[in-house]
Protein chains: 2
Amino acid sequence: MAKYVYFFGGGRADGGKDQKMLLGGKGAGLAEMTNIGIPVPPGFTISTEVCRYYYKNQEYPEGLNDEVETAIEKLEVIMGKEFGSTENPLLVSVRSGAPISMPGMMDTILNLGLNNETIRGLIKEMGDERAPYDAYRRFIQMFGSVVLKIKFKKFEEILQKKKDKNGVRYDTELSADDLKELIREYKNLVHKENREIPEDPREQLWMAVNVVFNSWNNKRAIEYRRLHKISDDLGTGVNVQAMVFGNVGPSSGTGVAFTRNPSTGEHKLYGEYLINAQGEDVVAGIRTPTPISELHYQMPEIYDEFSKIAKKLEEHYRDIQDIEFTIENKKLYILQTRSGKRTPTASVKVAFDMVQEGLITKDEALISVDPEKIKVLLHPQIDPNIKIKEDAKGLPASPGVAVGKIVFTPDDAVEFANKGEKVILVRDETSPDDIHGMAVSSGILTARGGMTSHAAVVARGMGKPCVCGCDAIKPDEEKKELLIGEKRLTENDTITIDGTTGNVYLASVPFITPKISKELELLLSWADEKRSLGVRANADDPESAKKAREFGAEGIGLCRTEHMFFGENRLPIMQEMIMADDEDKRKEALNKLLPFQRDDFIGIFKEMDNLPVTIRLLDPPLHEFLPRKEDLLIELTRLKTEGKNEKRQNEIERILHKLTILSEANPMLGHRGCRLGIVFPEISEMQTRAILEAACILAKEGRKPVPEIMVPLVGIAQEFDNQKKIIDETAKKVFSEQGIRVEYKVGTMIEVPRASLTANKIAENAEFFSFGTNDLTQTAFGFSRDDAERKFIPKYLADRLLKENPFEVLDQEGVGELVRMGVERGRKTRPDLKIGICGEHGGEPSSIKFCHDAGLDYVSCSPYRVPIARLASAQAVIKIKKETAE
Amino acid sequence: MAKYVYFFGGGRADGGKDQKMLLGGKGAGLAEMTNIGIPVPPGFTISTEVCRYYYKNQEYPEGLNDEVETAIEKLEVIMGKEFGSTENPLLVSVRSGAPISMPGMMDTILNLGLNNETIRGLIKEMGDERAPYDAYRRFIQMFGSVVLKIKFKKFEEILQKKKDKNGVRYDTELSADDLKELIREYKNLVHKENREIPEDPREQLWMAVNVVFNSWNNKRAIEYRRLHKISDDLGTGVNVQAMVFGNVGPSSGTGVAFTRNPSTGEHKLYGEYLINAQGEDVVAGIRTPTPISELHYQMPEIYDEFSKIAKKLEEHYRDIQDIEFTIENKKLYILQTRSGKRTPTASVKVAFDMVQEGLITKDEALISVDPEKIKVLLHPQIDPNIKIKEDAKGLPASPGVAVGKIVFTPDDAVEFANKGEKVILVRDETSPDDIHGMAVSSGILTARGGMTSHAAVVARGMGKPCVCGCDAIKPDEEKKELLIGEKRLTENDTITIDGTTGNVYLASVPFITPKISKELELLLSWADEKRSLGVRANADDPESAKKAREFGAEGIGLCRTEHMFFGENRLPIMQEMIMADDEDKRKEALNKLLPFQRDDFIGIFKEMDNLPVTIRLLDPPLHEFLPRKEDLLIELTRLKTEGKNEKRQNEIERILHKLTILSEANPMLGHRGCRLGIVFPEISEMQTRAILEAACILAKEGRKPVPEIMVPLVGIAQEFDNQKKIIDETAKKVFSEQGIRVEYKVGTMIEVPRASLTANKIAENAEFFSFGTNDLTQTAFGFSRDDAERKFIPKYLADRLLKENPFEVLDQEGVGELVRMGVERGRKTRPDLKIGICGEHGGEPSSIKFCHDAGLDYVSCSPYRVPIARLASAQAVIKIKKETAE
């Protein structure tokens, strides 16, 4: 037979902690606590099943009423009270409780059971008038607003008037008579609004139950679930529990405490309480609560009892607990316990400490820390003690905080930086021409462009904070001013950008640069023991490589080489190469670039000595290295209209002509990746030469560089073969010139669907694969990331056409299938094929789990994400173990 | 034991016609003819296996020499002559012969076996001096140039001097003494070049065999194979055959004839011959040959014998034959027979006639016609009798020929057209602003843009000839002149464009508009009986729909609606819609567009009464409907610099602002397709309304419109579901308003890889699929068609990284797998799912075969390709039957 109501009380409960799905978190917790002998006010839980039934059928299941009646009777027996009695009336609270906590989102009714008759019983019972009348007026206010939907403000206005009239500030200062008057006025309000509070407590109860179930689908609850990715189908339970009162005199009180400090993780009770108050008073913040340590002095026995209970609960749940309690006339009741929300710092410390205390296993410790959260332990962050509202919001393109003076051009950035100033480069959007300015800036802020815009990619590569696509700002390069709404800033103003959140502040905001704690370091070392996935970093220069190695990277999974073509000394040569009309001139320019790139690689190999460095050959289309067409057009039209500077006009026309030839309808799908190296083999040749000459030079010094050359954007096996031939032939030449051989591998990125589909053929000659899931997501969905994230993905997420942004969390259904297919087909040809991922998903925990499941050898992510990836990889192993066991 | 040499002669041959791969086409033909009693000079074939062995091992297989010796002995016996004899010397020809004919690409040596001694034997045998000396001097010239690599020109110079000295024009006018002198001079030349012609005939033979094998990999042969997609691995055979002489007097001769007229298909011998000549004289074109019909009068018995042989060969091979013959002293020899190359017209007529004659089956007739070739039977074409070189070449973007005066702007096009002039609109590239001009032009020529550029797509939709991306032309809109190299044309000059070939002529070139012949019509009706694939057309307006139905289309597989937003009356409203800041204003504009679209659909449904019309909802990104940013920028800069027209400046700034918001990094992967309808549901609603109101109106008139509404660019099942809901809800409203119901289907395009991967989910609600293989190719490869075809696909084809342009021929390995996957997964969910293809591949024969194999229900292609598709679909059935049988 179906069971809908679960009783708890008298030392026994129908349910237990494993029934969160059925009873909700709160209900399961109350049941569990009852079972283990915690003093919980008795009550019962109407299951989430009823909620789902209610939404499906618009009525309650048969038998529910009888079960509720039986539960009430049981409750009356245990409490020695009676629902609706004028002698010793039973009062109850009615609260929601979903399987996943949604704090404050749904409705609650307290003090239910009061009416014109039962109030008299309560007065008799309590031997006092004030507390009962206070309870009654609170009930009317709550029932009136929550159940009868009368505006809460209207009650508040009446209350405020009453306080004003009596010249008092706090509710507690109102006398019993004042409260009686207030109750009359409240009832008048309800009457005037054409509503009615039923006298029958049972009627009150069912109305309250209805309203709690209905609140599952109120607007803010739906929004909360959307934001926290909670299924709409779970439903909530309803908890009906005997009321206990913290507001019946100085021996009563109420409070909330954590078993450990949720901010630092320190192993010490942390919380606060109020004497002579109900729970809502603590939350409302009208009175200032007392720290829990004070209870030790105020009510030593209660403190002692509470400490023991706290310890018991923590040991029972093996996690930090967040406990609500009430003291009614020196008797302690526990109203709720739940896993304590904590800061990342605390999370790590608690996990570590609990292992030391023998409370949990290393596996449990590893699982208990959210990898995403430890991000803030690595990057500079706004001082969490500072409360300040951001002035504008953009995309969090590259994490970290930067404070500096505004500059509007890269040249200004260099000039200011040379004077020792910290600057933030503010641009409409950046272009390759801006690189030298970006390099000297503390951070970058742009008005346009998405998470893969030039600014974002370069900033992430440089490890600099960056906020992109902040459309509230209007930088004017000519006037050197920045408009944000009504505000106008100029070059000497200081701003702060937070690339972790996307926030922009028009002031200098204090920030802190956390250090990796000893606890985190050890936790990560446990993760390293556990994980089977390798973790590498995406790093393009020696500094990032160094940082990555410090963070525990086991090599570089993606070293982009395009940035090696930028820089003051290099860009002009690169442009010379692009403007060249024949192969000879192109080769001449490339020869000039060779020594620069070789030095870059020497620097990187040194930092990554003995570890593999996967170097991707030139990837972006060549026009990215030329000035912007729009700028040239404007300059040309101006010169023409004014009839000025014919020489410059000709020059611009020449560049424009080249730009027209190079311009592309869809650069993302255009002449880039290996397509460049195929049409201009001399580029691949030069890059291979730079890589292997660098490796040979170091090898002669006794170092051990491990180069892996990666051909980008292969979709046809022949493309790869073509490039591999160039690489191998160049290698042969270099080795013979240098008189030394260095081991190297040649592999490819899998970043277009056709590469996955034909992985068996590509693997015939490719020695490794690296999934470029950014581009693979773009091509599998047919989404241009820059455009999609700006134009329609927000709408898709809001309307739940997508559950996650596929550029942040790997789409396992579609893109994931291409990854699995690529792995399977690649390994069919070459069983020992080494396979990694170097898209941004390589640092995202759920995607890392997927990579583990799909049989990848390693993930590669930005240096700051390496610790996250180490932890997430370990979690993947633990979760699999658990899934398999189940 | 291995066998390398295949003898033919004396009425028996070792090989036969099915051994083309082993013996080459010529060798197999000679063997076959020998076997069926055709008078072929005897000889032997060294197999292609030897060629492959030779290339692999750089030497000949063991035993080859012995086999050749045995064959020579046999030949000597049959001919009653002896190799190297001074009495009756055996002379042979040494010719290449590959499995697939490569005419003129490889080397040939004739008259081999002659030297200072054997020449005397030949003189004795022939009883004449002139012919032997002529043969000897030809041999030296051929061996010297082909085998010894002495420049052919040097021999020709000596010959010319000799003729000049003797005051004669033709070789035949040189006397035996002249030839003797010539031979001496030739030998001096060879000596001077430090080469030597061996006296030993066997040495001559082996040198000649070597040179033929080597010629398999000469530059022109490689290039020919690349162009004709012939594998490099096949290799060639070498045919050594007893020489017969057509140049030994007036009773000798040589010629070539077809069993039917290869130009018209008429059933009558067609060819020509020369009396007293060798084969090369016919080819060389120095003397004018006589039509074969004359032979009837000149040598009636020979003519009679030849006619009988021709008939026998045609009946034997069941195909039109191209026969080479030689008459030596009134004896007829057949030197070669092969399938006759013919014009498309002839191809159709011959196939049809041969079925009537009972020579071949209908299946064979259908297979014998190349579907691609019948294209020219449908479109206007340059008069094939005109020999004229093109002045420039672009991409063949939309087939057909157009002649007209140049205009540079759409407004001029309208003005000229109103005066009754035929015009060609010449533009850098076209934009939506140009539509009204394109509509009145006879053809379109652009300097930029690829096969999917705006001009190309619109022109194909309109069925107008178009040449795109012709970068040799420089149109100057302001000066109204067109530069092609040094030439400068203006508005009144006439040009001709051929959209079938991409040719541009700076003159009026005569062209013809073929009619569909009765034979073709009947052939296509046989195809219809045979095929199981449906054939629909891509058509966007009533005219195209009508044309498509005439060509046999069984409905419309793709009706694009974006062109319905263009047009003088519509574009301003569309722009109003785009510039609207809120939904209400957008809806207002859409309401104004509704009647236009409804009328469009009424027109199309009328033409396609009773047949399905698949209508795709709006697909392109909205910015395509606004003016071009560059133009606006130039105008604005000019106005600003001059300080003029502030009102227009503001207006431009407003549009520029919108363009900035709408602009996309990669429009192909941007805010288009169903993403538009999801963000702006009112667009889908208006279009559905227009479609279904049109259908209801016609249904009330007793017609039977069959609308199928197609949601574009779906990659996530939820996208489709979102749009289907809007469509179904709108349908309900329309039917209730109109008081009538019309059956309609809602389906989707499968054009991004993720759609194929998740086809099972999409098919839950989608009632049909249509593969958009253009976009699927773009996303699977990560190729932007416009960019790829311009930038690197030509290089890929040249270097054989790709065998075919995947935008022309469906990539069966990659894209094809996505199609198969989509079909399989879609039908798993919905077994009766109707599936078609509407990418341009739907009209390409090998892709049609693939669609048949993959289990599609229909293909859809441009109206002019419908007959091609009908034929190709029938061929697919026949080929499958054949493959299964094998």
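Residues numbered from 1 in each chain as written. Chains lettered and ligands numbered in written order. Predicted model: local features only at pLDDT ≥ 70, side-chain atom pairs only at ≥ 80, totals over all residues. Heavy atoms only, no water.

> Hey, could you run me through the layout of surface pockets in this one?
Remark: the empty space left among the atoms is shown by a probe the size of a water molecule rolled over them. Approximately 500 Å³ is the volume attributed to the second largest pocket. What lines the second largest pocket is a set of 22 residues, and nearest its centre among them are Leu 802, Lys 803, Asp 811 and Glu 813 of chain A together with Arg 754 of chain B. When residues in the lining of the second largest pocket are grouped by element, the largest group, three residues, is from helix H26 (residues 717–738) of chain B. (1 Å grid on protein atoms, 1.4 Å probe; cavity = no way out; pocket = protein on both sides within 12 Å on 5 of 7 lines; lining within 4 Å. Points joined across faces, edges and corners; volume = space filled by probe spheres on them. Helix = DSSP H or I, 4+ residues; strand = E, 2+ residues; numbered from the N terminus.)

> Looking at this structure, I do not really get the side chain of Ser 544 of chain A. What am I missing?
Residue and element names in this part refer to chain A. Relative to the elements of secondary structure, Ser 544 occurs in helix H19 (residues 542–550). Taking the relative accessible area as the measure of exposure, Ser 544 reaches 10% and is therefore buried. Within the structure, the side chain of Ser 544 is placed 2.7 Å from the side chain of Asp 541, a separation counted as a polar contact. (Buried < 20%, exposed > 50% of the residue type's maximum accessible area, 1.4 Å probe, protein only. Polar contact = N/O pair within 3.5 Å; in protein donor to acceptor, adjacent residues only side chain to side chain.)

> How do you make sense of helix H1 (residues 20–35) of chain A when you look at a structure like this?
In an α-helix, one turn spans 3.6 residues; hence positions three or four apart end up facing the same way. Residue and element names in this part refer to chain A. The end-to-end C-alpha separation of H1 is 15 Å, well short of the 22 Å expected for 16 residues at 1.5 Å each. Of all the bends in H1, the greatest, near 80 degrees, is centred on Lys 26. A positive phi of about 85 degrees marks Gly 37, the residue just after H1. (Expected span 1.5 Å × (residues − 1). Bend = angle between axes of the 7 residues up to and from the residue.)

> Which parts of the structure should I look at to understand the packing of H1 of chain A against helix H2 (residues 48–57) of chain A?
When two helices pack together, their arrangement is captured by the angle between the axes and the distance separating the axes. All names here are of chain A. Remark: H1 packs on H2, axes separated minimally by 7 Å, with the N-to-C direction vectors making an angle of 115 degrees. With respect to each other, H1 and H2 are oriented roughly perpendicular. Along its contact with H1, which presents Met 21, Leu 22, Leu 23 and Gly 24, the element H2 presents Thr 48, Glu 49 and Arg 52. Looking at the contact of H1 with H2 residue by residue, the classes come out as three nonpolar, two polar and two charged. (Axes fitted to C-alpha atoms, helices over the stretch in contact; angles between N-to-C directions. Parallel < 35°, antiparallel > 145°, perpendicular 65-115°, else oblique. Contact = heavy atoms within 4.5 Å. Nonpolar A, V, L, I, M, F, W, Y, C, P; charged D, E, K, R; others polar.)

> Would you take a moment to explain the relation of the copies chain A and chain B for this structure?
A rotation about some axis, followed by a shift along it, carries one copy of the chain onto the other. The two copies are related by a screw operation: chain A maps onto chain B through 179 degrees of rotation and 0.0 Å of translation along the axis, at an RMSD of 0.2 Å. Both chain copies can therefore be described as sitting about a two-fold axis. Measuring from the rotation axis to each C-alpha of chain A, the shortest distance belongs to Asn 666 of chain A, at 2.2 Å. A share of 100% of the interface residues of chain A reappears at the interface of chain B, consistent with the copies meeting face to face through the same patch. (Least-squares fit on C-alpha atoms with pLDDT ≥ 70 in both.)

> Would you mind showing me how to read the packing of aromatic side chains here?
Given two aromatic rings, their pairing is described by the distance between the two centres and the angle made by the two planes. What the rule picks out here adds up to 35 aromatic pairs over all chains. Arranged with centres 5.9 Å apart and planes meeting at 45 degrees, the rings of Tyr 60 of chain B and Phe 213 of chain B form a pair that is tilted. Residue Tyr 60 of chain B is located in the loop between helix H2 (48–57) and helix H3 (64–79), and its partner Phe 213 of chain B is located in helix H8 (residues 201–215); the two are separated by 153 residues in the primary sequence. On the basis of relative accessibility, which here comes to 0%, the residue Phe 213 of chain B falls in the buried class. Members of the aromatic cluster, each reached through a chain of ring pairs, are Tyr 54, Tyr 55, Tyr 60, Trp 206 and Phe 213 of chain A. Positioned above the aromatic ring of Trp 216 of chain A, the side-chain terminus of Arg 225 of chain A is 3.8 Å from the ring centre. One cation-aromatic arrangement involves Arg 536 of chain B over Tyr 858 of chain B; the distance from NZ or CZ to the ring centre is 4.0 Å. (Phe/Tyr/Trp six-rings, centres within 6.5 Å; stacked < 30°, edge-to-face > 60°. Lys NZ or Arg CZ within 6 Å of the ring centre and 35° of its normal.)

> Could you clarify how one ought to interpret the environment of Ser 770 of chain A in this entry?
Residues and elements named next belong to chain A. Within the element layout of this structure, Ser 770 appears in strand S30 (residues 768–771). Overall, Ser 770 belongs to the buried group, its relative accessible area being 0%. With 597 residues separating them in the primary sequence, Ser 770 and Glu 173 have C-alpha atoms 70 Å apart. If sequence neighbours within four positions are ignored, Ser 770 has contacts with Gly 557, Met 710, Thr 748, Met 749, Ile 750, Gly 836, Ile 837, Cys 838 and Tyr 858.

> It is not clear to me how the sheet that holds strand S26 (residues 556–560) of chain A should be interpreted in this structure. Could you clarify?
Paired through backbone hydrogen bonds, the strands of a sheet run either parallel or antiparallel to each other. Residues and elements named next belong to chain A. Taken in spatial order, the eight strands line up as S25-S26-S27-S28-S29-S30-S31-S32 and close into a barrel, and their pairing is parallel. Taking each pair of neighbouring strands and ignoring which way they run, the sheet shows an average axis angle of 30 degrees. Two strands pair when backbone bridges link them, and strand S25 (residues 534–538) and S26 are joined in this way by two bridges, in the parallel orientation. Across the sheet, residue Asn 538 finds its bridge partner in S26, namely Leu 558. Against the sheet, helix H25 (residues 681–700) contacts strand S27 (612–616) and strand S28 (706–711), and its axis sits at roughly 170 degrees relative to S28. (Pairing = 2+ DSSP bridges.)

> Whenever I open this one, the interface of chain A and chain B confuses me. Can you help?
Size of an interface, as often reported, equals the accessible area lost when the parts are brought together. Facing 59 residues of chain A, the contacting portion of chain B comprises 59 residues. Between chain A and chain B lies a buried interface of about 5300 Å² when both sides are counted; carbon and sulfur atoms form 59% of it. Summed over the three residues of chain A that lose the most area to chain B, namely Leu 669, Arg 754 and Leu 801 of chain A, the buried surface amounts to 12% of that side. A salt bridge links Glu 817 of chain A to Arg 825 of chain B; the nearest nitrogen and oxygen atoms lie 2.7 Å apart. Counting every contact that joins chain A to chain B gives 35 residue pairs in polar contact (both at pLDDT 80 or more). Counting residues per element, the side of chain A that touches chain B draws most heavily on helix H22 (residues 629–642) of chain A, which supplies eight residues. Of the residues contributing to the side of chain A that touches chain B, the split by class is 24 nonpolar, 15 polar and 20 charged. (Buried area = accessible area lost by both parts, 1.4 Å probe. Salt bridge = Lys/Arg side-chain N within 4 Å of Asp/Glu carboxyl O.)

> Looking at this structure, I do not really get the pairing of S28 of chain A. What am I missing?
Side-chain direction in a regular strand flips from residue to residue, so the side chains alternate between the two faces of the sheet. All names here are of chain A. With five of six residues buried, S28 is to be regarded as a mostly interior element. The pairing of S27 with S28 spans five bridges and is parallel. By the bridge assignment, Val 613 is partnered in S28 with Pro 707. For S28 and strand S29 (residues 745–750), the ladder comprises four bridges, and the chain directions are parallel. Residue Ile 709 lies in a different strand from S29, and its bridge partner there is Val 746.

> Just to check I follow, could you spell out the domain arrangement of chain A for this structure?
Once the domains are mapped, chain A shows domain 1 (5–244), domain 2 (245–342), domain 3 (380–512), domain 4 (533–621 + 665–781 + 807–881) and domain 5 (629–663). With centres defined by C-alpha atoms, the gap from domain 2 of chain A to domain 3 of chain A works out at 44 Å. (Domains from an automatic or database assignment.)

> Would you mind showing me how to read the pattern of salt bridges here?
One side chain can pair with another of opposite charge once the charged atoms of both are near each other. Inspection of the entire model under this criterion finds 149 salt bridges over all chains. Residue Lys 162 of chain A pairs with Glu 181 of chain A through a salt bridge whose shortest N-O separation is 2.9 Å. Of this pair, Lys 162 of chain A sits in helix H6 (residues 152–166) while Glu 181 of chain A sits in helix H7 (residues 176–192); the two residues are 19 residues apart in sequence, bridging distant segments of the chain. With relative accessibility at 26%, the residue Glu 181 of chain A sits in the partly exposed group. Arg 689 of chain B is the salt-bridge partner of Glu 693 of chain B, the closest N and O atoms lying 2.9 Å from each other. Within this pair, Glu 693 of chain B and its partner Arg 689 of chain B are both found in helix H25 (residues 681–700), separated by four residues, close to a single helical turn. Comparing Glu 693 of chain B with Arg 689 of chain B, the two get one shared label, buried. Among the charged side chains, a salt-bridge network with shared partners connects Asp 428, Glu 429, Arg 448, Arg 628 and Asp 631 of chain A.

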